[in-house]
Amino acid sequence: MVHLLGAENVSVSFATRTILDSVSLGLNEGDRIGMVGRNGDGKSTLMRLLSQRSTPDDGRVTKRGDVNVGYLDQQDVLNGDLPVGVAIVGEAAEHEWASNPRIREIMDGLVGDVDWHATVSSLSGGQRRRVALAKLLIEPHDVIMLDEPTNHLDVEGVAWLARHLKTRWRPNEGAFLVVTHDRWFLDEVCTRTWEVHDGVVDPFDGGYAAYVLARAERNRMAAVVEGKRQQLVKKELAWLRRGAPARTAKPKFRIEAANELIADVPEPRDTVALNKMATARLGKDVLDLEHVTYTPPPRPSDRPSEERARPGDRPSEERARPSDRPSEERARGDLNGGSGPLFDNITLRLAPGERLGLVGVNGAGKTTLLRLLNGEIEPTAGKVKRGKTVQTAMLTQEVRELDDVLDLRVVEVIQRERQVFNIGGREVSAGQLVEQLGFSKEKQWTPVRDLSGGERRRLQLLRLLVGEPNVLMLDEPTNDLDTDTLAAVEDVLDGWPGTLVVVSHDRYLLERVTDHQMALLGDGKLRGLPGGVDQYLELREAALAGKSSAVPSGGSDSAETAAGTVHSEADKRQAKKDLNRIERQLGKLGQQEVKLKEQMDAAGAKADIDFSGLAEMNRKLQEIAEEKEGLELEWLEVSEILE
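What counts, and at which threshold
- Residues numbered from 1 in each chain as written.
- Predicted model: local features only at pLDDT ≥ 70, side-chain atom pairs only at ≥ 80, totals over all residues.
- Heavy atoms only, no water.
- Phe/Tyr/Trp six-rings, centres within 6.5 Å; stacked < 30°, edge-to-face > 60°.
- Buried < 20%, exposed > 50% of the residue type's maximum accessible area, 1.4 Å probe, protein only.
- Helix = DSSP H or I, 4+ residues; strand = E, 2+ residues; numbered from the N terminus.
- Core = buried A, V, L, I, M, F, W, Y, C linked by side-chain atoms within 4.5 Å.
- Contact = heavy atoms within 4.5 Å.
- Pairing = 2+ DSSP bridges.
- Axes fitted to C-alpha atoms, helices over the stretch in contact; angles between N-to-C directions.
- Salt bridge = Lys/Arg side-chain N within 4 Å of Asp/Glu carboxyl O.
- Polar contact = N/O pair within 3.5 Å; in protein donor to acceptor, adjacent residues only side chain to side chain.

K.L.:
Looking at this structure, I do not really get the packing of aromatic side chains. What am I missing?
P.N.:
Note on aromatic pairs: each is described by the distance of the centres and the angle between the planes. This model, assessed by the stated rule, comprises 4 aromatic pairs. Measuring from centroid to centroid gives 5.2 Å for Phe-204 and Tyr-211, while their planes differ by 70 degrees, and the two rings are edge-to-face. For the pair Phe-204 and Tyr-211, a shared accessibility class is recorded, and that class is buried. Ring geometry for Tyr-208 versus Tyr-211: centroids 5.9 Å apart, planes at 55 degrees, classification tilted. Of the two residues, Tyr-208 and Tyr-211 are both situated in helix α8 (residues 208–242); the distance of 3 residues between them amounts to about one turn of the helix. Judged by its relative accessible area of 1%, Tyr-211 falls in the buried class.

K.L.:
What exactly am I supposed to notice about the nonpolar core here?
P.N.:
For soluble globular proteins, nonpolar side chains are generally found buried alongside one another. Of all hydrophobic cores here, the largest spans 71 residues; its most connected members are Leu-358, Leu-459, Leu-472 and Tyr-536. A per-element tally of this core places helix α13 (residues 453–466) first, with 6 residues. Excluding residues that lie within four positions of it along the chain, Leu-459 makes contacts with Leu-402, Val-410, Val-413, Ile-414, Phe-439, Val-448 and Leu-451. Grouped together as the second largest cluster of nonpolar side chains are 44 residues, Leu-78, Trp-97, Leu-123 and Leu-186 included.

K.L.:
How do you make sense of the sheet that holds strand β4 (residues 58–63) when you look at a structure like this?
P.N.:
Sheet strands associate in pairs through backbone hydrogen bonding, adopting either a parallel or an antiparallel arrangement. Strand order across the open sheet formed by 3 strands is β2-β1-β4, with antiparallel pairing between neighbours. Two strands in the sheet have a free side with no partner beyond their single neighbour: β2 (17–28) and β4. The sheet shows a mean angle of 10 degrees between the axes of neighbouring strands, direction not considered. As defined by bridge partners, strand β1 (residues 3–14) adjoins β2 across 8 bridges and the pair is classed as antiparallel. Residue Ser-13 lies in a different strand from β2, and its bridge partner there is Thr-18.

K.L.:
Whenever I open this one, the sheet that holds strand β5 (residues 69–72) confuses me. Can you help?
P.N.:
Spatial strand order, β5-β6-β7-β3-β8-β9: 6 strands in an open sheet with mixed pairing. With one partner strand each, in any of the chains shown, β5 and β9 (200–205) form the two edges of the open sheet. The average angle at which neighbouring strand axes cross in this sheet is 15 degrees, direction not considered. Pairing between strand β8 (residues 192–197) and β9: 6 bridges, direction antiparallel.

K.L.:
Please clarify how the pattern of salt bridges should be interpreted in this entry.
P.N.:
A side chain of one charge can pair with a side chain of the opposite charge if their charged atoms are brought near each other. If you walk through the whole model with that rule in mind, you get 25 salt bridges. The shortest N-O distance in the salt bridge between Asp-113 and Arg-130 comes to 2.9 Å. Of this pair, Asp-113 sits in the loop between α4 (101–111) and α5 (125–137) while Arg-130 sits in helix α5, placing them 17 residues apart in sequence. A relative accessible area of 11% places Asp-113 in the buried class. The network of salt bridges with shared partners includes Asp-288, Glu-290, Arg-349, Lys-383 and Lys-385.

K.L.:
How do you make sense of α4 when you look at a structure like this?
P.N.:
Given 3.6 residues per turn, any residue in an α-helix points the same way as the ones three and four places further on. Listing the buried residues of α4 in full gives Ile-103, Ile-106, Met-107, Gly-109, Leu-110 and Val-111. Along its buried surface, α4 packs onto α2 (84–89), α3 (94–98), α5 and α6 (155–167). Between the side-chain oxygen of the N-cap and the backbone nitrogen of Arg-102 there are 2.9 Å, and the N-cap of α4 in question is Asn-100.

Pasting the structure below:
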């Protein structure tokens, strides 16, 4: 493979801390590399060095002379005063870029719904991120370096970026290096992983899942080696105490070669126990949105489109901008248009212990829905019902809630709220909880003003949790968090006994900590997603292709059945009968399944195991599972008729 760029013995230190210590590595043609590590361990520093945006204290960075490197910073680097079109293509004439199919595909995928004349500063965080990505990707770079490209992108934007990076070059051409906390994205696009830690960089083959397995094996081997060393130390000390003659004998000891693999992996959380605890804390009523309509107030920037013209623009009929095409041809569609209702007669009922994930297009109202549930804003029509014992807490995207404690130290912030927190039925001190989410004993005494963005996000989440709310709402909680911290956050949320609502573009997190998902597609409706995030992406693709799709409501009284389909009363009566029949059959199958499992456990516990009998019971168990799956699909089809 042809070498593109690399680092030779580079070292970087900040004050008394060494970030990179004599690191040597390189990128070759065909490399698809994801970089992981804790916040502050040097991922962004290494990327800036390789892109030659900064210089090392020692060592050197080499680059082949003709290599063109593109770099996307974490921060917004675009001129906020420029119109979107100028920020992306500069003063280039329309035909210079619109005639290129690759550039048109990037424009459609990233900025199809963005106002071409709006200034960059007036855009949302997600829109600014997509504009910056579009500017980078339309250029013919040999190497692309992306620092947290998925921050502020919705699920659809992340999926589009993954598809683009996978098809941008042939397998043995180009290269990219990406730093991201989005584990699904890492698995989807990367063939190698670099772990930055303790001043060094360890390479692994494969994406995130392969890296986790390899790291676990590495840790296991390290534990075995350490065990051997400890045994040798003990043996040598014993010999020294017994005197020189004892050392003439040849040492004999046995060390276990490998740990036994865990056969039965438990569920990440005890759903039944958590629901019982949640019901005890919350009662039966939590939060209900009933036939809610919400129209946001007009923004000062809203003005007729003819007033937002770019100097030197040709007449509209001569232009071929993505936003000039009819809405059904655009990549995303114009959400709300700034005039209609953001939500139109939606109903949502949250139960005690419910764990709901929300996905949707940027601008569809995910954050606004959280603010309605949190009582920060009132609906235009309909009502919001709150249970008497409900105590909400919300993690916002900006984390401005820490502005009043900037002079306090990390552990002092938590201790001001509460000293002891209950996780999974056990009491944990504030200091232990702080350490569990990645704040070392030294870091616990760091002033809040000196924390990084990811550390502030962790601290605010802790601050909310120790307040012991019973309804927790998280708005893009994964922004600025590293993968290890995300795993720790997931562990904390697994044992948290309350109602949880999560807005996130990180599908790995959504599917890990929530039990079901719902979607806001920008048409004012709230839809259930029995098929999870994959179903959401299918709905978006169908919508962009101009197709209609029947979507179950998942609890929203106002959700629609198949577009244009009206079921008769006779159909609904028959559907009710079928639904009762299916539920009875599912109940019977469930009882049979439990009985079979008990029989298999009993047979397996006997001294003389009847393997043929076990095989027969296992075959029956598989048949029951297949029959249940068929009935569940039939249940979904019948329930659509009753919606």
